[in-house]
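Here are the chains, one letter per residue:
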2 protein chains.
Amino acid sequence: MKEIDFKWPLGFKSDGIHIGLRKSKLDFGWIVSEVPASAAGAYTTNKFCAAPTALTKDAINHGHQLQAIVMNSAIANSCTGQQGRSDALEEQNLVAQKLEIEPTLVGVASTGLIGAFLPMDKVKAGIQTLDQTSNFKVTEAVLTTDTHPKTISLEFEIAGQTCTMSGFCKGSGMIHPKMATMLGFITTDATIDGDLLQTILSEQVDLTFNQITVDGDTSTNDMVVVLANGQAKAPTIQDSSEDYENFKTALHQVMTYLAQQIAKDGEGATKLVEANVSQAPSPLDAQKIAKAVVGSNLVKAALFGEDANWGRIISTIGITDADFNPATIDIALNGHPVVQQSLGLNFDEDTLKQALQANKITIDINLHDGQATGQAWGCDLTYQYVQINASYRS
Amino acid sequence: MKEIDFKWPLGFKSDGIHIGLRKSKLDFGWIVSEVPASAAGAYTTNKFCAAPTALTKDAINHGHQLQAIVMNSAIANSCTGQQGRSDALEEQNLVAQKLEIEPTLVGVASTGLIGAFLPMDKVKAGIQTLDQTSNFKVTEAVLTTDTHPKTISLEFEIAGQTCTMSGFCKGSGMIHPKMATMLGFITTDATIDGDLLQTILSEQVDLTFNQITVDGDTSTNDMVVVLANGQAKAPTIQDSSEDYENFKTALHQVMTYLAQQIAKDGEGATKLVEANVSQAPSPLDAQKIAKAVVGSNLVKAALFGEDANWGRIISTIGITDADFNPATIDIALNGHPVVQQSLGLNFDEDTLKQALQANKITIDINLHDGQATGQAWGCDLTYQYVQINASYRS
């Protein structure tokens, strides 16, 4: 398992262009596989699932295969009713025609303002312009308030043969995934059956994307899709094999990295916040507590102020419906103990203040009430977050 | 039913003083009834229930009677272990000695920093200093980041006889009550049995204090207590009588007013936000949706920016586990329709911008899927909120 410079796995091409949805930044793109790829997806649980998200879910459920995904930023095509569904469908069909493949092999993804319609003339012209290149412009074309593309590539072995897995995603606000987060795309040239891929993805989503939060709001367009096109010509990965474990580890690493990147690039954020819960009664208890702590506005604002206000952390733990012993909790901030047996320690304020100036804050919470662990990632709450969201539409 | 200038009901006295917990503001006080009063309470569901809150709960459960409540701001006496419990108990005993009553007739309430111990020398001296006056200083002595006292008095009739009900509360941050909010106290000179009073209080808490949110964080010290001392000498209120309805209406009005005041005075807030959900399948569905909408950081920041970003409102509705038809929702902002049948309307942006400059924003949400209604209150999310909470301890 080795992290390498970002590149597309064998047999994947892409492009990213400007079609006029945003003022000047790239806003439209696609990824295309030479051959149909095994596909798995996880989607928002928001009841107002956006038209493109629903369409992609249908396409993947059809045969667990995709060959291309077309995507845009600026407009979410969500809460757009029948017109929105027609627009997404037309986009899917036009891409299928251009690639001369079945429409059910094309996924569609949109992100941006809820309630606005896609300008289909621009979209149609854009589809005609898209090329199959080795550039990475599509990783920019999906961004909204993100400050930079979020990408990772790994090399891993399947039966002694090197495969590549590459992931990218967008997401900065409205981040509190319940199934997946706002547009994550992972490609690999390994060979794996779609059903098995879906099983691994669903399991890993719970441990990674579903454990981040920026603002407690779950988007209507959330979607993470994995494509495996087999072009490394490695043997097919079998369930419960060593290859399976390798693949799962690679996917876990890619998804954890992307999840952390989203949290770190949370709207207005200055710090990545990681909560590590240990010795919990169950993994679910640990995950609930970790996610609650990184999601508390009061904890987030205190960390922005570099204030070791542990009372807010323990109070947040107390609100959850997780199982734990309220009398045996230890808490440390960036390695400095602040709470032992649920009582505050006499720590040195200056030392803590200095420790909290770091760009990454780790909150270690030991419940001393079991053996399970759980993690979650978030960011601090800043003036900038308010500024960005007070005028998002203008 | 008539709102009057704030005053204590017959047979209640109080005082508020400075004992050095805060720099110069009042920080210690009590309310005292001439005779033991019927008492009912609602308390935080945070698993780290503070020592004073737990003690008051025990005292009220003992015989549904209280004669005095002593209270302080600045220090919450929460997460303070055995020492915290001893301190609260000593405070209760000292007040009982001074008043020459049973300790179980004394409630104790604290609010402020979690994890700090009460300086008992200052508390003891304070108890000696407290007087029984007609002033309202105690309504100031409980404040922390609140910008002003929150008080209300009503006159109402029981069997033709005039009774008074007066409520005050504190609360500005860490507001997302699950049973009651941060320190609310209601006194009345009406006569009512403690059990019946508890029934009415519990019902009304769900409709009022439990429907406000400032930041999604539930405090460890939440408590609302009602005292009825019978000193108006009106007949005892009987279950299901006309008097019962009058009393319940008065209590509902007092609690709704105080709940709104807390939301309006939310940390850093510039606007009170009220969500009115109508035609819902059940009251619980309506309440869930209303509370989710006023609790969304994205909705709150958009309203601070006076931006009619209805997509965030509908997306928030979609995250709830409430039952509703996603295709039939109408939304209006301060009376201006922005969504019909779940689709955006072509509203005039300037008109909306102007309407959203008001100090109170009303979000009307008609689900067209039943007959039930529900309300919730919150505030906008501002730079000031972040500022206050980045440096709360300093």
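Residues numbered from 1 in each chain as written. Chains lettered and ligands numbered in written order. Predicted model: local features only at pLDDT ≥ 70, side-chain atom pairs only at ≥ 80, totals over all residues. Heavy atoms only, no water.

Peer 1: Describe the overall build of chain A, with residues and values.
Peer 2: The secondary structure content of chain A amounts to 11 helices and 15 strands. The C-alpha radius of gyration computed for chain A amounts to 21 Å, which stays within 12% of the reference 21 Å derived for 394 residues, consistent with globular compactness. C-alpha extents for chain A along the principal axes are approximately 70 × 50 × 35 Å. Within chain A, the fraction of its 394 residues that count as buried is 62%. Here chain A has roughly 13600 Å² of accessible surface; of this, 47% comes from carbon and sulfur atoms. (Helix = DSSP H or I, 4+ residues; strand = E, 2+ residues; numbered from the N terminus. Rg over C-alpha atoms; globule rule 2.2 N^0.38 Å. Buried < 20%, exposed > 50% of the residue type's maximum accessible area, 1.4 Å probe, protein only. Areas by Shrake-Rupley, 256 points an atom, 1.4 Å probe, with all protein chains shown as cover.)

Peer 1: Describe the relation of the copies chain B and chain A, listing the residues and the values that go with them.
Peer 2: Placing chain B over chain A gives an RMSD of 0.0 Å and needs a rotation angle of 180°, together with 0.0 Å of translation along the axis. Each copy turns onto its partner about a two-fold axis. Minimal C-alpha separation from the rotation axis in chain B is found for Tyr-383 of chain B, amounting to 2.5 Å. By residue overlap, the copies meet face to face through one surface: 100% of the interface positions of chain B are interface positions in chain A. (Least-squares fit on C-alpha atoms with pLDDT ≥ 70 in both. Contact = heavy atoms within 4.5 Å.)

Peer 1: Tell me about helix α2 (residues 81-99) of chain A, and please be specific about residues and values.
Peer 2: Residues and elements named next belong to chain A. Over its 19 residues, α2 extends 28 Å from the first C-alpha to the last, a length consistent with the 27 Å expected when each residue adds 1.5 Å. At its buried positions, α2 is contacted by β3 (28-43), α1 (51-63), β4 (65-72), β5 (106-110) and α3 (120-129). Backbone geometry just downstream of α2 places Glu-100 in the positive-phi region, at approximately 55°. (Expected span 1.5 Å × (residues − 1).)

Peer 1: Give a description of the environment of Thr-133 of chain A that names residues and reports values.
Peer 2: Residues and elements named next belong to chain A. Within the secondary structure layout, Thr-133 lies in the loop between α3 and α4 (138-141). Under the relative-accessibility criterion, Thr-133 is labelled buried at 17%. Taking the C-alpha atoms as reference points, Thr-133 and Lys-13, 120 residues apart in sequence, are found 5.3 Å from one another. Each residue touching Thr-133, except ones within four places of it in the same chain, is listed here: Lys-13, Ser-14 and Asp-15. Within the local environment of Thr-133, its side chain forms a polar contact with the backbone nitrogen of Asn-135, the two atoms lying 2.9 Å apart. (Polar contact = N/O pair within 3.5 Å; in protein donor to acceptor, adjacent residues only side chain to side chain.)

Peer 1: Which residues make up the interface of chain B and chain A, and what values do they have?
Peer 2: Think of interface size as the accessible area that goes away when the parts come together; that is how it is often given. Between chain B and chain A, the contact holds 58 residues from the first and 58 residues from the second. At the boundary of chain B with chain A, total buried surface from both sides reaches about 4500 Å², with 57% on carbon and sulfur atoms. Taken together, the links from chain B to chain A amount to zero salt bridges. Looking at the side of chain B that touches chain A, the elements with two or more residues in it are α8 (297-304), α9 (310-319) and α11 (383-390) of chain B. No other element matches the nine residues that α9 of chain B contributes to the side of chain B that touches chain A. Classifying every residue of the side of chain B that touches chain A by side-chain character gives 26 nonpolar, 22 polar and 10 charged. (Buried area = accessible area lost by both parts, 1.4 Å probe. Salt bridge = Lys/Arg side-chain N within 4 Å of Asp/Glu carboxyl O. Nonpolar A, V, L, I, M, F, W, Y, C, P; charged D, E, K, R; others polar.)

Peer 1: Before we move on, could you go through the packing of α2 of chain A against α3 of chain A and cite the residues and values that matter?
Peer 2: Axis angle and axis distance: for two packed helices, these are the angle between their axes and the distance between the axes, and together they describe the pair. Residues and elements named next belong to chain A. Packing of α2 against α3 leaves a shortest axis separation of 10 Å and a crossing angle of 20°. Overall, the two elements α2 and α3 adopt an arrangement that is roughly parallel. You can see that α2 and α3 cross each other, and the crossing is right-handed. Along the contact surface, α2 presents Asp-87, Glu-90, Glu-91, Leu-94, Val-95 and Lys-98, while α3 presents Met-120, Val-123, Lys-124, Ile-127, Gln-128 and Thr-129. Of the residues belonging to the contact of α2 with α3, the class tally is five nonpolar, two polar and five charged. (Axes fitted to C-alpha atoms, helices over the stretch in contact; angles between N-to-C directions. Parallel < 35°, antiparallel > 145°, perpendicular 65-115°, else oblique. Left-handed = near helix turned anticlockwise from the far one by under 90°.)

Peer 1: Provide a residue-level description of α9 of chain B, including the pertinent values.
Peer 2: Counting buried positions along α9 of chain B gives 10 out of 10 residues, so the element sits mostly inside the fold. Regarding α9 of chain B, the residues found buried are Trp-310, Gly-311, Arg-312, Ile-313, Ile-314, Ser-315, Thr-316, Ile-317, Gly-318 and Ile-319 of chain B.

Peer 1: I'd like a description of the packing of aromatic side chains, backed by residues and values.
Peer 2: This structure, assessed with the given rule, holds 13 aromatic pairs over all chains. Aromatic side chains Phe-156 of chain A and Phe-247 of chain A sit 5.9 Å apart centroid to centroid with 65° between the ring planes, which places their arrangement in the edge-to-face category. Of the two residues, Phe-156 of chain A is situated in strand β6 (residues 150-158) and Phe-247 of chain A in helix α6 (residues 242-264); the sequence distance between them amounts to 91 residues. Across this residue pair, the class does not change: Phe-156 of chain A and Phe-247 of chain A are buried. Centre to centre, the rings of Trp-8 of chain B and Phe-136 of chain B are 6.2 Å apart; their planes meet at 65°, and the pair counts as edge-to-face. In this pair, Trp-8 of chain B sits in the loop between β1 (2-4) and β2 (12-17) while Phe-136 of chain B sits in the loop between α3 (120-129) and α4 (138-141), placing the two residues 128 residues apart along the sequence. With a relative accessible area of 9%, Trp-8 of chain B lands in the buried category. Overall, the relative accessible area of 36% leaves Phe-136 of chain B in the partly exposed class. (Phe/Tyr/Trp six-rings, centres within 6.5 Å; stacked < 30°, edge-to-face > 60°.)

Peer 1: Talk me through the pairing of strand β15 (residues 372-379) of chain B; I want residue IDs and the actual numbers.
Peer 2: Residues and elements named next belong to chain B. Taking burial as the measure, the eight residues of β15 include six buried ones, the bulk of the element. Here strand β10 (residues 272-280) pairs with β15 via seven bridges, running antiparallel. Residue pairing for β15: Asn-276 is matched across the bridge by Gln-375. (Pairing = 2+ DSSP bridges.)

Peer 1: Residues and numbers for the sheet that holds β15 of chain B, please.
Peer 2: Residue and element names in this part refer to chain B. The strand order across the open sheet formed by six strands is β13-β12-β11-β14-β10-β15, and the pairing between neighbours is mixed. Sheet topology places β13 (343-344) and β15 at the edges, where each strand pairs with a single neighbour. Of the pairings in the sheet, the one linking β10 to strand β14 (residues 360-366) comprises seven bridges and is parallel in character. Within the sheet, the bridge partner assigned to Asn-276 lies in β14 and is Asp-364. Against the sheet, helix α6 (residues 242-264) engages β10 and β15, with an angle of about 40° to β15.

Peer 1: Could you give an account of the sheet that holds strand β15 (residues 372-379) of chain A, naming the residues involved and the relevant values?
Peer 2: Hydrogen bonds between backbone atoms are what pair the strands of a sheet, whose relative direction is either parallel or antiparallel. Residue and element names in this part refer to chain A. An order of β13-β12-β11-β14-β10-β15 is seen for the six strands of this open sheet, with the pairing classed as mixed. Strands with a single pairing partner mark the edges of an open sheet, and in this sheet they are β13 (343-344) and β15. Across the face of the sheet, helix α7 (residues 283-295) comes into contact with β10 (272-280), β14 (360-366) and β15 while running at roughly 20° to β15.

Peer 1: So, the domain arrangement of chain A: which residues are in play, and what are the values?
Peer 2: Residue and element names in this part refer to chain A. The assigned domain composition of chain A is domain 1 (2-263) and domain 2 (272-390). For domain 1 versus domain 2, the separation of C-alpha centres amounts to 32 Å. Of the residues lining the interface, 15 residues belong to domain 1; the matching set on domain 2 comes to 15 residues. Where domain 1 abuts domain 2, roughly 1200 Å² becomes buried across the two surfaces, and 56% of that area is made up of carbon and sulfur atoms. When residues of domain 1 are sorted by the area they lose upon contact with domain 2, Gln-211, Thr-213 and Gln-260 head the list and together hold 46% of the total. Counting across the interface, domain 1 meets domain 2 through zero salt bridges. Counting across the interface, domain 1 meets domain 2 through zero residue pairs in polar contact (both at pLDDT 80 or more). Secondary structure elements with two or more residues in the side of domain 1 that touches domain 2: α5 (194-207) and α6. Considering every element that reaches the side of domain 1 that touches domain 2, the biggest residue donor is α6, with three residues. Looking at the side of domain 1 that touches domain 2 residue by residue, the class counts come to five nonpolar, eight polar and two charged. (Domains from an automatic or database assignment.)

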